[in-house]
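# Breakdown of the fold
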Amino acid sequence: MLTADPEDRNGGRLPTRRGWLAPIVRTLIIFAALCVGIWFYIYGDRIIGYVDNATYAAPDPALLAVYQHFGIDPLPNVVAGRATMANYLDMLRREHCDWNAVYKFADELQKQGYRRKAAKVFIAFSNKCKPSNVALSAAVNILGDLSDFDEALKISNDLIAMSPGMPGYYFQRAQIRESAKKYRDAIDDYYSVIGLTDNIAILNGTVFEGISNSYRELGQYCEAISPLQLWVSTNPDRNDTAVVHGIIKEYENKGKCASTYATGSDRFPTQGKNVILAKVSINGTDGTFIVDTGASFVAVSKVFATRAKLQVDGNNGILLQTANGVSQATHTTAATVKVGRVEASDITAVVLDNDAALGGEVDGLLGRSFLSRFDVTFGSREWRIEAKD
């Protein structure tokens, strides 16, 4: 008679034999399940889309009006039916021009991978609901990211026509133009950003770098130096680096152009006047200039530009913020600017379209593109200018 042994851990049962194959099979099953899960996570929407197309159901007629209003093709039902998207579509079904709904709808379109549709939504809102520089700017950003530079420039032009005094929109168009290799046009826009900005010290270095890089791409290495020097002058403690000096040196060698950043010191009487006049020499030509710390650039009249033999290209038009509002000008580079015993080279300058803005006895403005390279102090009887240490 068989009896169970209390010490027998199997309780009298035969031990289960487990081969080496079972763990491998179990591991493969788990791995396969993980792969299927990951694959479905990535491609599930596409599969659902195929199924949706195979069992096509017409979009909700109430939503067709929304799609038509914004000029976009109907979304697949699987996308339109998602809770967030469905909520925004329902809001727009009731109010096509609800800006909050439009913005959220376009944002959701981008998240779902329909970026061009999002751009069309923003453009349609501005065209059909109310003019909106915010909407057009968002559309330009999207189209630029899609490398559709022609359409991005078209909308950017409309944006600037709507808000001609906003430097941020010129910066946006400058970057589009630079990406599209329209370097001369990009330079104009970058300089407009500077001209329309009250305090250029707050500008991002991308503005000055964009000008310099565009000149470099055009093979104009000497002209590429001036914007870098202007960048340094806005905040020497931050911007006067070995990297910038290295780039300037490289451009000097490639363009075979010598550059004197800022030299000398001098002092001049103010005679207690609010408007300070100075005798300034540009490219060896003397003129009478107003010392203007509020002007972004050295600015000259057309008559003086001709006398000083400044190279003026009528296609290099930019905008400036002046005391009389936004004015038009043409940017150029002065080889040398000298005041007394103080001198600097490769100075960004502008030629004003309207000579009457300066008055009959003044040839130009001595602005920050020159003054910011020096330490300048004003007293009741004299003003001083000297090269920075």
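Placed above this text is the structure.
Residues numbered from 1 in each chain as written. Predicted model: local features only at pLDDT ≥ 70, side-chain atom pairs only at ≥ 80, totals over all residues. Heavy atoms only, no water.

Let us now look at the overall build of the chain. For the chain, the helix and strand inventory stands at 16 helices and 10 strands. Counting over 389 residues, the chain shows a buried share of 42%. The long-range fraction of contacts in the chain, counting pairs at least 24 apart against all pairs at least 6 apart in sequence, stands at 60%. With the model as given, the accessible surface of the chain reaches about 21,600 Å², and the carbon-plus-sulfur share is 52%. (Helix = DSSP H or I, 4+ residues; strand = E, 2+ residues; numbered from the N terminus. Buried < 20%, exposed > 50% of the residue type's maximum accessible area, 1.4 Å probe, protein only. Contact = heavy atoms within 4.5 Å. Areas by Shrake-Rupley, 256 points an atom, 1.4 Å probe, with all protein chains shown as cover.)

So, about the state of the cysteines. Overall, the coordinates contain two disulfides when judged by the stated rule. Sulfur-sulfur distance for the disulfide between Cys97 and Cys129 comes to 2.0 Å. Its S-S torsion of about -80° marks the bond between Cys97 and Cys129 as left-handed, since a negative value means left-handed. Of this pair, Cys97 sits in the loop between helix 4 (83–94) and helix 5 (99–111) while Cys129 sits in helix 6 (residues 115–129), and the two are 32 residues apart along the sequence. (Disulfide = S-S within 2.5 Å.)

Our focus in this paragraph is the environment of Leu320. Considering the arrangement of structural elements, one finds Leu320 in strand 5 (residues 317–322). Separated by 122 residues in sequence, Leu320 and Asp198 place their C-alpha atoms 9.8 Å apart. Not counting residues within four places of it along the chain, the set of residues in contact with Leu320 comprises Gly195, Leu196, Phe297, Gly325, Val326, Ser327, Ala329, Val350 and Leu352.

In this section: the pairing of strand 1 (residues 265–269). Going residue by residue along strand 1, you find Asp266 and Phe268 tucked away on one face and Ser265, Arg267 and Pro269 left uncovered on the opposite face. As defined by bridge partners, strand 1 adjoins strand 10 (residues 382–387) across five bridges and the pair is classed as antiparallel. Within strand 10, the residue paired with Arg267 across the bridge is Arg384. (Pairing = 2+ DSSP bridges.)

Let us now look at the packing of aromatic side chains. Scanning the model with the defined rule gives 13 aromatic pairs in all. With centroids separated by 5.7 Å and ring planes inclined at 50°, the aromatic side chains of Tyr221 and Tyr251 adopt a geometry described as tilted. Of the two residues, Tyr221 is situated in helix 12 (residues 221–234) and Tyr251 in helix 14 (residues 242–255); the sequence distance between them amounts to 30 residues. On the basis of relative accessibility, which here comes to 4%, the residue Tyr251 falls in the buried class. On the numbers, 5.9 Å between centres and 20° between planes, the contact of Phe378 with Trp383 is stacked. Owing to a relative accessible area of 42%, Phe378 belongs among the partly exposed residues under this scheme. Trp383 gets classed as buried once you look at its relative accessible area, which sits at 0%. By way of ring pairs, the aromatic residues Trp99, Tyr103, Phe122 and Phe125 are connected into one cluster. (Phe/Tyr/Trp six-rings, centres within 6.5 Å; stacked < 30°, edge-to-face > 60°.)

Moving on to the pairing of strand 6 (residues 325–339). One ladder, built from two bridges, connects strand 2 (residues 277–282) with strand 6; its direction is antiparallel. Across the sheet, the residue bridging to Ser281 is Lys338, located in strand 6. As paired elements, strand 5 and strand 6 share six bridges and run antiparallel to each other. Directly across from Gly317, in strand 6, lies its bridge partner Thr330. Across 10 bridges, the pairing between strand 6 and strand 7 (residues 342–352) is antiparallel. Paired with Thr330 across the strands is Val351, a residue of strand 7. From the end of strand 6 to the start of strand 7, which pair antiparallel, there are two residues, and Gly340 there has a positive phi angle of about 60°.

For the rest of this paragraph, the subject is the environment of Asn133. Tracing the backbone through its elements, the reader meets Asn133 in helix 7 (residues 133–145). In this structure the C-alpha to C-alpha distance between Asn133 and Ile160, which are 27 residues apart in sequence, comes to 8.5 Å. Dropping the residues within four chain positions of it, Asn133 is found in contact with Leu159, Met162, Ser163 and Tyr169. One polar contact links Asn133 to Ser163, side chain to side chain, over a distance of 3.1 Å. (Polar contact = N/O pair within 3.5 Å; in protein donor to acceptor, adjacent residues only side chain to side chain.)

Attention shifts here to unusual backbone geometry. The residue Lys181 is not glycine, and still its phi comes out positive at about 65°. Within the secondary structure, Lys181 sits in the loop between helix 9 (167–179) and helix 10 (183–195). In this model, Asp346 sits at a positive phi of 55°, which is unusual for a non-glycine residue. Examined against the element boundaries, Asp346 turns out to sit in strand 7. Overall, Asp346 belongs to the buried group, its relative accessible area being 10%.

Ordered in space as 1-10-9, the three strands form an open sheet in which the pairing is antiparallel. Where the open sheet ends on each side, the last strands, each with one partner, are strand 1 and strand 9 (374–378). For this sheet the average axis-to-axis angle between neighbouring strands, irrespective of direction, equals 10°. (Axes fitted to C-alpha atoms, helices over the stretch in contact; angles between N-to-C directions.)

Keep in mind these values describe shape, not function.
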